[in-house]
Amino acid sequence: MSTRGVATPGVASVVMPGGVTACYAVAMHQAAIDSAYALLRRAVMTYRGEPVGTVAAVAPAADGAVNYQDCFIRDFIPAALVFLADGETRIIRNFLLTVLDLRAQHQRVQGHGIEPAVLPASFRVTGGAPHKQVIEADFGDQAIGRVAPVDAMMWWVILLAIYCRRTGDRSLAQDPTIRRAVKDILELSLRESFEVFPTLLVPDGAFMIDRRMGVYGHPLEIQALFYGLLVSADGLLRPEEPDLPLLDMAAKRAKMLRTYLQMFYWLDLERLNEIHRYATEEFGAGSVNMLNIQPESIPDWVVDWLPERGGYLVGNLGPGRMDFRFFAVGNLLAILFGIVSCQHAQAIMTLYQDRCEDLIGCMPAKLVYPAVIGKEWQFLTGSDQKNVPWSYHNGGNWPVLLWPLIAAALRSGRGDLAQFALDLADHRLPGQHWPEYYDGRRGNLIGRRAQLNQVWSATGYLFAHKLVEDPALLDLFAVIDHQPHSERASV
Ligand code: GLC
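Residues numbered from 1 in each chain as written. Predicted model: local features only at pLDDT ≥ 70, side-chain atom pairs only at ≥ 80, totals over all residues. Heavy atoms only, no water.

J.: Summarise empty space enclosed by the protein; cite the residues concerned and give the values.
T.: One pass over the structure, following the stated rule, counts five cavities of 30 Å³ or more. There is about 150 Å³ of room inside the largest cavity. Around the largest cavity, the lining is made up of 13 residues, and of these Trp155, Met208, Val329, Trp403 and Trp456 lie nearest the centre. Among the elements of the structure, α2 (73-85), α11 (328-336) and α15 (402-411) are those that each provide at least two residues to the lining of the largest cavity. Top element by residues in the lining of the largest cavity is α2. It accounts for three residues. Size it by volume and the second largest cavity reaches roughly 60 Å³. Along the lines of polarity and charge, the residues of the lining of the second largest cavity split into eight nonpolar, one polar and one charged. (1 Å grid on protein atoms, 1.4 Å probe; cavity = no way out; pocket = protein on both sides within 12 Å on 5 of 7 lines; lining within 4 Å. Points joined across faces, edges and corners; volume = space filled by probe spheres on them. Helix = DSSP H or I, 4+ residues; strand = E, 2+ residues; numbered from the N terminus. Nonpolar A, V, L, I, M, F, W, Y, C, P; charged D, E, K, R; others polar.)

J.: Just give me the short version of the packing of α2 against helix α4 (residues 150-167), but keep the residues and values in it.
T.: Packing of α2 against α4 brings their axes to within 10 Å, and their N-to-C directions diverge by 10°. Put simply, α2 runs roughly parallel to α4. Each of Ile73, Arg74, Phe76, Ile77, Ala80, Leu84 and Ala85 in α2 lies in contact with α4, whose residues at this interface are Asp151, Ala152, Trp155, Leu159, Ile162, Tyr163, Arg166 and Thr167. Each residue belonging to the contact of α2 with α4 can be placed in one class, and the counts come to 11 nonpolar, one polar and three charged. (Axes fitted to C-alpha atoms, helices over the stretch in contact; angles between N-to-C directions. Parallel < 35°, antiparallel > 145°, perpendicular 65-115°, else oblique. Contact = heavy atoms within 4.5 Å.)

J.: Describe the sheet that holds strand β6 (residues 71-72), listing the residues and the values that go with them.
T.: Strand order in this open sheet of three strands is β6-β7-β8, and the pairing throughout is antiparallel. Here the strands that pair on one side only, and so sit at the sheet edges, are β6 and β8 (134-138). Bridge count for strand β7 (residues 122-126) against β8 is five bridges, and the pairing is antiparallel. Pairing of Val125 across the sheet is with Ile135, part of β8. (Pairing = 2+ DSSP bridges.)

J.: Break down the site of the ligand for me, citing the residues and quoting the values.
T.: In the vicinity of the ligand, the residues found are Ala56, Tyr68, Phe72, Arg74, Asp75, Met208, Asp210, Tyr392, His393, Glu436, Gln454 and Trp456. Contact distances for the ligand include 2.7 Å between an oxygen atom and a side-chain N or O atom of Asp210. Between Gln454 and the ligand, the recorded distance is 2.9 Å, taken from a side-chain N or O atom to an oxygen atom. Here the ligand loses 95% of its free accessible area of 300 Å² to cover by the protein chains. Looking at the shell around the ligand residue by residue, the class counts come to six nonpolar, two polar and four charged. (Near = heavy atom within 4 Å. Polar contact = N/O pair within 3.5 Å; in protein donor to acceptor, adjacent residues only side chain to side chain. Areas by Shrake-Rupley, 256 points an atom, 1.4 Å probe, with all protein chains shown as cover.)

J.: Any details on the packing of helix α6 (residues 176-190) against helix α7 (residues 220-237)? Residues and values, ideally.
T.: At a minimum axis distance of 11 Å, the contact between α6 and α7 shows a crossing angle of 140°. As summarised for this structure, α6 and α7 are arranged oblique, according to the angle between their axes. Note that α6 runs across α7; the crossing there is left-handed. Residue-level contacts link Arg179, Val182, Lys183, Ile185, Leu186, Ser189 and Leu190 of α6 to Phe226, Leu229, Leu230, Ala233, Leu236 and Leu237 of α7. Across the contact of α6 with α7, the residue classes tally to 10 nonpolar, one polar and two charged. (Left-handed = near helix turned anticlockwise from the far one by under 90°.)

J.: Explain the side chain of Asp169 to me, and be specific about the residues and the numbers.
T.: Topologically, Asp169 is positioned in the loop between α4 and α5 (170-174). A distance of 3.0 Å separates polar atoms of two side chains, one belonging to Asp169 and the other to Arg93. What Asp169 contacts, discounting residues up to four positions off in sequence, is Arg93, Tyr163 and Cys164.

J.: A description of the pattern of salt bridges should follow, citing residues and the corresponding values.
T.: Applying the stated criterion to the full structure yields 19 salt bridges. For the salt bridge of Asp243 with Lys183, the shortest nitrogen-to-oxygen distance reads 2.9 Å. Within this pair, whereas Asp243 is found in the loop between α7 and α8 (244-265), its partner Lys183 is found in helix α6, the two being separated by 60 residues in sequence. Note on accessibility: Asp243 and Lys183 belong to one class, buried. Taking the shortest distance from any N to any O, the salt bridge between Asp323 and Arg325 comes out at 2.7 Å. Here Asp323 matches Arg325 in class, with each residue buried. A single salt-bridge network, built from bridges that share partners, covers Arg103, Arg180, Asp184 and Glu187. (Salt bridge = Lys/Arg side-chain N within 4 Å of Asp/Glu carboxyl O. Buried < 20%, exposed > 50% of the residue type's maximum accessible area, 1.4 Å probe, protein only.)

J.: Give a detailed account of the nonpolar core, specifying residues and quantitative values.
T.: Ranked by size, the top nonpolar core spans 174 residues in total, and within it Phe123, Trp156, Tyr312, Phe337, Tyr352, Trp403 and Tyr461 carry the most contacts. In terms of residue count, the dominant contributor to this core is α4 (14 residues). (Core = buried A, V, L, I, M, F, W, Y, C linked by side-chain atoms within 4.5 Å.)

J.: Could you give me a rundown of helix α16 (residues 415-428), with the residues and numbers involved?
T.: Spanning 14 residues, α16 covers 21 Å between terminal C-alpha atoms, matching the ideal 20 Å at 1.5 Å per step. For α16, the buried fraction is high: 10 of the 14 residues fall into the buried class. All of the buried residues along α16 are Leu417, Ala418, Phe420, Ala421, Leu422, Asp423, Leu424, Ala425, Asp426 and Arg428. (Expected span 1.5 Å × (residues − 1).)

J.: Describe the pairing of β7, listing the residues and the values that go with them.
T.: Here two bridges tie β6 to β7, and the two strands are oriented antiparallel to one another. Its bridge partner being in β7, Phe72 is matched across the sheet by Ser122.

Structure (structure tokens):
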């Protein structure tokens, strides 16, 4: 990528690899920021007079899903980061406690014996006048497709750790109910199962991609969040003697998980060459191709697409299965949480640079690359009309990804890439009313069924801006990006 400098006063032009020129007005920043804050203020959800969260979209389209009036746990994360950076901490504390209280509603989800550690995907406030208000949670029992929000409990613990460190509010972490909840979540996610891997097994649609997309098994995003959960819990529970066995288990798992992700999920040209020449049907301790990946399963696109110096973590891995698709959130969180080495973080950023049109495009950034099409689309998505190729989860571009992209770029010393991505967003996002997602290979069309005034598009943008202005904010993630007390524990 090269920056060509200022062409006319106040207007700079950036040349993307491949020669595509994007123009943007430098002065647009302030108007864009004001517009994002205005949306955030309208989005705040109150319960009996207290701010407790933010709705997913302000004034969502009447024909859209009704639950865009809900506060989603994952959607609130960038809002919480903005509030934290601004020193507005009350709403975060309320959110953390409210979500926890909602566990009492889990019995409503009948017949499945849902664990109390499980947290809802979202909640809503109904009832009008403050004293009549009620709060209702959706544990996936109402969501389209009835999907299990496994990421909610992970984000909750991560946010709790970030909040406690930033505010110094240790009273929250030491509250017995909170401690019990953190331990319940750890116990649930560390419970012995039929698994042989350190990764966590989840059903389809258990995270941001909350629809059928062939993301069951061991999707990268869940593994990155799982690591974040394990390390954050370590920091929250540490000093208490009775917690030590559980913490040791968490620490060992975090260490094994990180090593496993680094070794087995990593893909670059060297590794692709190894897989291309893999022997199969190997048995026992000495096998190299332990998961029995068939070299013939390497898709054609990846061979041409993987640049000489770049690399990334593949999307999913299991017996006989490697999903070669690039999933942005998992890769970016892996950088931000220190799961990958500095060298691999650089390689992921090089991939972003060399495949800028595919992964950043006109509106940062692509959620998954490439889209699945044809029979594969029919088979993996169940012919999902919302996830048609190059739309929504199936190859759409999501403005909310600006914050993890920019955070990962800054952490890898790629301020140039961070600035480039932000400038693209300045240019279009506010004027187009903060769409939820964009369509097209390059993300140049507003998503056909995208909500407008999507709150995490605005808060992701705001937090991205704050990071570029003050990269010291990366310190918020220092609760995760360190070796857990674990490195004491031998695997
Ligand atoms: C969609 C997204 C999900 C998000 C929700 C609310 O369902 O897939 O990740 O949390 O909308 O914005």
